[in-house]
Structures are given as structure tokens and as C-alpha cells.
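Report on the structure
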Amino acid sequence: MDPKKDKAKVEPEPEPEPPLVPLTKITDPNNVFYTDENGVKYHVCLPRSGEHLKTADANFMSYTDDKGVYKEIYLPQGTVKTAWDHLENERWDELAKFEPYTDQGVTEDDFKAFEERLKQQREGQENK
């Protein structure tokens, strides 16, 4: 046996991929535009330091009922869990009671209601 021929061939280490570089200069770290490798364009807009980000529950759900009919329903604030429970348990008659979704949007009252529910949940956890 020739020891030179029996040595395993060593594959060279692959070159590390270069880091992603934005296509445009980032002048505002809270407002970034970029395009991914598939050509999809993104705009990321973050709140400025110290600004409060408004939040609300989802106000829309889509599903296909037991008859195969696709539906889109509006979810008033505070009803997401109830609607999800109806969906998981296939209570189509209960889901049909929600009004159709027609791009109702989110109001200042929706944001306030969400914040109030969140505050109550936090207080409830602190009291346990």
C-alpha cells in the first residue's frame, strides 16, 4: 500500500458569505428601505426612541366553513379568543354571527381598549 494514496482528500473550507449590504445608504435607522435577493422591496419603519407603539388586537379573521365557503369576518376588539375558539371547535353558526369584514380599520378607541385589557391582565398577574 502506498501511504500517499491512502490519505483522505481534504476538502477546502467554503468561503464565508459576505454580510448583506443595504442597497441604499441608511440615513435614518428608524426608516429603512431595502430589497431582498428575490427583488422584494421592504420598508421598515420603527417608532423613535421614547415613542409609544400603538397596539390593538387583530380585527379580521378568514376561514372556510363546513360547506366549503370562504368567509372573512370583522372581529371587534376583545373578540379574537372567542372567534378562535369557535373556529377550533367548528362552531360555524357562532362564527356566522360576526359581521363581514369590509376593511373596518382600527380606531383610537380600539387602541385604548387594548391598552386597558393589557393593563388589567398585568395587574391580575401581579395580584397572584
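Above this text you will find the structure in question.
As a starting point, this report considers the structure included with it. (Residues numbered from 1 in each chain as written. Predicted model: local features only at pLDDT ≥ 70, side-chain atom pairs only at ≥ 80, totals over all residues. Heavy atoms only, no water.)

**Brief notes about unusual backbone geometry**
Despite not being glycine, E90 shows a phi value in the positive range, around 55°. You can see E90 is positioned in the loop between α2 (80–88) and α3 (92–95). In this structure, D103 is a non-glycine residue whose phi angle is positive, near 60°. Inspection of the secondary structure assignment puts D103 in the loop between α3 and α4 (108–126). Judged by its relative accessible area of 61%, D103 falls in the exposed class. (Helix = DSSP H or I, 4+ residues; strand = E, 2+ residues; numbered from the N terminus. Buried < 20%, exposed > 50% of the residue type's maximum accessible area, 1.4 Å probe, protein only.)

**Brief notes about the pairing of strand β1 (residues 31–35)**
Here β1 pairs with strand β2 (residues 41–45) via five bridges, running antiparallel. The partner of V32 across the bridge, within β2, is V44. Linking β1 to β2, which pair antiparallel, is a turn of five residues; within it G39 sits at a positive phi near 85°. (Pairing = 2+ DSSP bridges.)

**Quick notes on the pattern of salt bridges**
This structure, assessed with the given rule, holds five salt bridges. Among the ionic pairs, E108 bridges to K54, the shortest N-O distance being 2.5 Å. Here E108, found in helix α4, pairs with K54, found in the loop between β2 and β3 (60–64); they are 54 residues apart in sequence, far enough to count as distant. The exposure class of K54 is partly exposed, given its relative accessible area of 47%. Here R117 and D57 are joined by a salt bridge, their closest N and O atoms 2.5 Å apart. With R117 in helix α4 and D57 in the loop between β2 and β3, this residue pair connects regions lying 60 residues apart in the sequence. Looking at D57, the relative accessible area reads 22%, which means it is partly exposed. (Salt bridge = Lys/Arg side-chain N within 4 Å of Asp/Glu carboxyl O.)

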